[in-house]
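Letter by letter, the chains look like this.
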Amino acid sequence: MINSVLVLGGGSAGFLAAATLKYRLPEMQVTVLRSADIGIIGVGEATTLAVPRHLHNYLAIDHAEFHRLADPTWKVGIRFLWGPRPFFDYGFGLQMDTRYAPLPKATGYYCEDAPLDYIGVPSGLMSHNHVFLRHMSGLPLMNGDVAYHIENEKFVGFLETFSRKLGVQVQEDTVVEVLQAESGVTGLKLASGPTATADLFIDCSGFASVLLSRTLREDFISFKSSLYCDRAVIGGWDRDTEPIKPYTTAETMNAGWCWQIDHEHRINRGYVYSSSFVSDSDAEAEFRASNPKVSDTRIVKFVTGRYNNSWVKNVVAVGNSSGFVEPLESTGLGAICGASEALAETLADSEQLPTPTMRGQFNKRHALSWDAIRRFLSIHYKFNTRLDTPFWRECREKTDLAGAEEFVDYYQENGPSLIWRHTLVEPGFQFPMEGWISLLVGQKVPFQRRHSPTAAELQVWENVQQHVRNETRRGFSIGEMLKLIRSPYWTWPTQVYPRGP
């Protein structure tokens with residue numbers, strides 16, 4: 001029976017896993033073991049809807065406390081400077097996965113050659129740098145279609161405080177040796193002398209994957225044939241007069257892409273690139289040329305892929321120790337939340353005696369989740385025609401769609417048809433039909449079965465866009481929202497984030 005859990009690693013993965021287990025199973029002994037010698041990432045992070053849903057729904061974290069201590073800003077979606085259009089958006093609210101009643105076809109059929117700035121509320125809000133619509137009462141219409149931009153250091157600090165309140169123990173020490181037997185890990189020998197033991201070990205040691213990879217030698221499955229990038233140069237600057245953008249920016253670069261994450265007082269930028277196509281020095285030069293305000297930078301090396309299993313013997317890996325992909329769709333924290341919740345529910349349902357078949361299904365979920373992310377990211381590279389550089393030519397010619405072929409074939413034959421969403425897209429993961437259609441329509445991927453709208457249809461579509469334009473123009477900016485929620489008169493809605501799928 002699993003009565004004690006030791007979490008190795010005190011970053012966002014470690015504290016999210018610990019808090020989730022302790023919240024769901026309050027009688028369980030949960031300890032986070034972290035080393036002062038190993039710092040946290042300390043950069044800006046963007047999220048998907050999975051993160052606020054986990055924080056505020058599953059963990060019941062108070063909105064006021066979270067915003068006061070973690071100091072996040074809101075994110076409506078991602079704006080892609082990508083493909084042949086000036087830009088396109090993947091918004092968290094529905095816009096491409098829609099069909100308006102007077103129109104015979106889905107929205108995507110009316111977006112082939114038209115601007116995409118007012119195709120739905122998310123894009124309209126992004127175009128005005130607004131984050132919420134304004135109710136006729138003057139108050140914001142808050143809903144569960146927004147995620148967060150978070151500074152990692154503040155987020156980890158909040159998670160530690162929350163975890164300690166739940167009863168999670170935090171131990172400062174360094175592992176000098178991992179002890180193991182046929183049954184798995186038997187203990188962690190610490191620099192201070194004693195050996196830390198537990199019934200279950202959670203590996204949140206990041207890329208090092210100390211327990212799953214280094215100790216148990218679990219096989220690693222590379223995603224290199226789909227995702228060529230393996231490094232990032234990271235920097236940023238203190239905010240001056242720039243508006244706070246309510247979205248993550250993904251901008252095409254010569255040998256990869258560049259993110260922008262907006263915080264209240266800082267702008268975080270990073271160039272994700274392939275070292276096979278550009279040197280570190282040339283990547284930094286390109287990065288600085290397009291971002292002259294960047295101050296100090298650093299380079300992070302990574303490998304994309306996942307381990308074959310994340311639950312091996314008495315070790316469960318969560319976060320980068322179980323798998324990693326570049327942050328093109330902000331999947332990292334969402335993957336951690338999903339794995340933590342799956343583990344907690346497995347232990348609760350099994351009365352803390354998980355069976356081999358339960359562990360098998362956990363590992364199946366692990367594989368399905370990471371492979372779904374890989375497939376979705378592959379279409380970003382396969383069809384991006386914005387630049388004609390050696391990197392992008394090879395991406396278009398050789399990117400392995402890794403299972404996305406079925407969706408792409410369907411789209412290329414039928415266009416942005418929505419009728420088979422439940423068989424084309426796996427339910428329960430981070431990317432629904434909205435994301436797939438947004439990426440293919442946004443990149444103007446050609447399809448055979450075209451639609452020629454009548455004059456009446458075009459008028460209806462123009463009316464829809466005009467309505468979106470009018471409503472989103474009246475919305476709240478992030479600056480206005482921060483002032484509002486910090487007012488002593490503000491009351492948070494009772495249910496901002498509904499339970500996710």
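Everything below is about the structure printed above this text.
Residues numbered from 1 in each chain as written. Predicted model: local features only at pLDDT ≥ 70, side-chain atom pairs only at ≥ 80, totals over all residues. Heavy atoms only, no water.

Chemist: Explain the overall build of the protein chain here, please?
Modeler: Helix and strand content of the protein chain: 15 helices and 24 strands. Whereas a compact globule of 501 residues would reach a radius of gyration of roughly 23 Å, the protein chain reaches 23 Å, a difference of no more than 12%. C-alpha extents for the protein chain along the principal axes are approximately 75 × 55 × 45 Å. Scored against the burial criterion, the 501 residues of the protein chain give a buried share of 58%. Across the protein chain, the fraction of contacts at a sequence separation of at least 24, relative to all contacts at a separation of at least 6, is 76%. Here the protein chain displays about 20,700 Å² of accessible surface, and carbon together with sulfur accounts for 51% of that area. For the protein chain, the separation between the mean place of its 49 positive charges and that of its 56 negative charges on side chains is 2 Å. (Helix = DSSP H or I, 4+ residues; strand = E, 2+ residues; numbered from the N terminus. Rg over C-alpha atoms; globule rule 2.2 N^0.38 Å. Buried < 20%, exposed > 50% of the residue type's maximum accessible area, 1.4 Å probe, protein only. Contact = heavy atoms within 4.5 Å. Areas by Shrake-Rupley, 256 points an atom, 1.4 Å probe, with all protein chains shown as cover. Lys, Arg positive; Asp, Glu negative; His and termini not counted. Charge placed at Lys NZ, Arg CZ, Asp CG, Glu CD.)

Chemist: How should the sheet that holds strand β13 (residues 195–196) be read in this particular structure?
Modeler: Through backbone hydrogen bonds, the strands of a sheet pair up, either in parallel or in antiparallel fashion. If you walk across this open sheet you meet the 3 strands as β11-β12-β13, and the pairing is antiparallel. Here the strands that pair on one side only, and so sit at the sheet edges, are β11 (175–181) and β13. Alignment of β11 against strand β12 (residues 184–190), held across 6 bridges, turns out to be antiparallel. By the bridge assignment for β12, valine 175 is matched with leucine 190. (Pairing = 2+ DSSP bridges.)

Chemist: Where do I start with the nonpolar core in this structure?
Modeler: Proteins that are soluble and globular tend to have nonpolar side chains buried together. Counting 73 residues, the largest nonpolar core has Phe80, Ile379 and Tyr381 as the members making the most contacts within it. Once residues lying within four places of it in the same chain are set aside, the contact partners of tyrosine 381 are Ser226, Leu227, Cys229, Trp257, Glu326, Leu328, Phe391, Trp392, Cys395, Arg396 and Thr399. The next biggest cluster of nonpolar side chains, apart from the first, holds 65 residues, and it includes Ala19, Phe158, Ile336 and Ala342. (Core = buried A, V, L, I, M, F, W, Y, C linked by side-chain atoms within 4.5 Å.)

Chemist: When you look at the packing of aromatic side chains in this model, what are you seeing that I'm missing?
Modeler: The way to describe two aromatic rings as a pair is by their centre distance and the angle between their planes. For the coordinates displayed, the defined rule picks out 30 aromatic pairs. Each ring, one from tyrosine 109 and one from phenylalanine 447, has its centre 6.1 Å from the other, and the planes form 90°; the classification is edge-to-face. Of this pair, tyrosine 109 sits in the loop between β6 (88–91) and α4 (121–127) while phenylalanine 447 sits in the loop between α13 (433–442) and α14 (455–473), and the two are 338 residues apart along the sequence. Judged on exposure class, the residue tyrosine 109 and its partner phenylalanine 447 are both buried. One aromatic cluster is present, formed by Phe80, Trp82, Phe88, Tyr228, Phe277, Tyr381, Phe391 and Trp392 through successive ring pairs. Sitting above the plane of the phenylalanine 87 ring, arginine 79 keeps its charged end 3.9 Å from the centroid. Across the ring face of phenylalanine 447, the terminal group of arginine 450 is positioned such that the distance to the ring centre comes to 5.3 Å. (Phe/Tyr/Trp six-rings, centres within 6.5 Å; stacked < 30°, edge-to-face > 60°. Lys NZ or Arg CZ within 6 Å of the ring centre and 35° of its normal.)

Chemist: I tried to follow the packing of helix α9 (residues 356–382) against helix α10 (residues 390–398) on my own but got confused; where do I start?
Modeler: Angle between the axes and distance between the axes are the two parameters that describe a pair of packed helices. At a closest axis distance of 8 Å, the pairing of α9 and α10 adopts a crossing angle of 125°. In terms of their interaxial angle, α9 and α10 are classed as oblique. Taken together, the residues of α10 that come into contact with α9 (itself represented by His380, Tyr381 and Lys382) are Phe391, Trp392, Cys395, Arg396, Glu397 and Lys398. Its residues placed into classes, the contact of α9 with α10 shows 4 nonpolar, 1 polar and 4 charged. (Axes fitted to C-alpha atoms, helices over the stretch in contact; angles between N-to-C directions. Parallel < 35°, antiparallel > 145°, perpendicular 65-115°, else oblique. Nonpolar A, V, L, I, M, F, W, Y, C, P; charged D, E, K, R; others polar.)

Chemist: Can you walk me through the sheet that holds strand β18 (residues 256–262) in this structure?
Modeler: Taken in spatial order, the 7 strands of this open sheet run β6-β5-β17-β18-β19-β16-β20, and their pairing is mixed. Since the sheet does not close on itself, it has two edges, and those belong to β6 and β20 (298–301), each with one partner. Geometrically, the sheet is characterised by an average inter-axis angle of 20° between neighbouring strands, direction not taken into account. The pairing of strand β16 (residues 231–238) with β20 spans 4 bridges and is antiparallel. Counted as the bridge partner of arginine 231 is lysine 301 from β20. On top of the sheet, helix α7 (residues 280–290) reaches β16, β17 (247–253), β18, β19 (266–273) and β20; it is set at about 140° to β19, its chief contact.

Chemist: Help me understand the side chain of arginine 375, please; the structure alone is not making it clear to me.
Modeler: Along the chain, arginine 375 turns up in helix α9. Residues contacting arginine 375, with those up to four places away along its chain left out, are Leu401, Ala402, Gly403, Ala404, Glu426 and Trp436.

Chemist: Explain unusual backbone geometry to me, please; I cannot follow it from the model alone.
Modeler: Peptide bonds are mostly trans, and most non-glycine residues show a negative phi. Despite not being glycine, arginine 217 has its phi angle at roughly 60°, a positive value. By the secondary structure assignment, arginine 217 is in the loop between α6 (210–215) and β15 (220–222). The phi dihedral of serine 330 is positive, around 60°, even though this residue is not glycine. Structurally, serine 330 is set in the loop between β24 (323–324) and α8 (332–349).

Chemist: So what exactly am I meant to see when it comes to empty space enclosed by the protein here?
Modeler: Leftover empty space is mapped by rolling, across the atoms, a probe with the size of a water molecule. Applying the stated criterion to the full structure yields 2 cavities of 30 Å³ or more. Along its surface, the largest cavity is lined by 13 residues, and Ser322, Ala335, Ala339, His366 and Trp370 are the ones closest to its centre. Looking at the lining of the largest cavity, the elements that each hand over two or more residues are α8 and α9. Per element, the largest residue contribution to the lining of the largest cavity is 5 residues, and it comes from α9. Residue composition of the lining of the largest cavity, grouped by class: 7 nonpolar, 5 polar and 1 charged. (1 Å grid on protein atoms, 1.4 Å probe; cavity = no way out; pocket = protein on both sides within 12 Å on 5 of 7 lines; lining within 4 Å. Points joined across faces, edges and corners; volume = space filled by probe spheres on them.)

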